[in-house]
Amino acid sequence: QVQLVESGGGLVQPGGSLRLSCAASGIIFSFYHMGWYRQAVGKQRELVAFITRGGETNYADFAKGRFTISRDNAKNTVYLQMNSLKPEDTAVYYCKSERTGLASAWGPGTQVTVSS
């Protein structure tokens, strides 16, 4: 049974940084592509960043140059380093595991609030 648990969210001032972590269990982590998504109040969930099992990355336009996704297969963990945070980055951030032919899994999310 796949379990994903996000951590690292919180309250940060505009211009600040946070590093989110997502720990996975119940899967052979290195076989899975991993993604970070976010959902703000009243908005649809959207992709933030994605990393393939081979380490290739892809970012939403709003994340390019500010956010960095990475993974540590030895720790079964995917990270999202977020810099230069803006109030519009306020959302619940979710991680997702993906593998062709298998059901995706989501974590419960972690709240990120950017406010002065």
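Just above, that's the structure.
Here the structure is a predicted model, which is why all the values come from computation and not from measurement. (Residues numbered from 1 in each chain as written. Predicted model: local features only at pLDDT ≥ 70, side-chain atom pairs only at ≥ 80, totals over all residues. Heavy atoms only, no water.)

J.: Looking at this structure, I do not really get unusual backbone geometry. What am I missing?
T.: The phi torsion of most residues other than glycine is negative, and most of the peptide bonds are trans. In this structure, Asn76 takes a positive phi of about 55° despite not being glycine. Along the chain, Asn76 turns up in the loop between β7 (67–72) and β8 (77–82). With a relative accessible area of 25%, Asn76 lands in the partly exposed category. Here Ser84, not a glycine, exhibits a phi torsion of approximately 50°, which is positive. Secondary-structure assignment places Ser84 in the loop between β8 and β9 (91–98). Look at Ser84 and you get partly exposed, because its relative accessible area is 41%. (Helix = DSSP H or I, 4+ residues; strand = E, 2+ residues; numbered from the N terminus. Buried < 20%, exposed > 50% of the residue type's maximum accessible area, 1.4 Å probe, protein only.)

J.: I keep staring at the pattern of salt bridges and nothing clicks. Help me out?
T.: Two side chains carrying opposite charge are able to pair once their charged atoms lie near each other. Applying the stated rule across the entire model yields five salt bridges. Of the charged contacts, one joins Glu46 and Arg38 as a salt bridge, the two residues approaching to 2.8 Å between their closest N and O atoms. Owing to a relative accessible area of 7%, Arg38 belongs among the buried residues under this scheme. One salt bridge connects Glu98 with Lys96, and the closest N-O pair in it is separated by 3.3 Å. Look at the salt bridges and you will find they share partners, linking Arg38, Glu46, Arg66 and Asp89 into a network. (Salt bridge = Lys/Arg side-chain N within 4 Å of Asp/Glu carboxyl O.)

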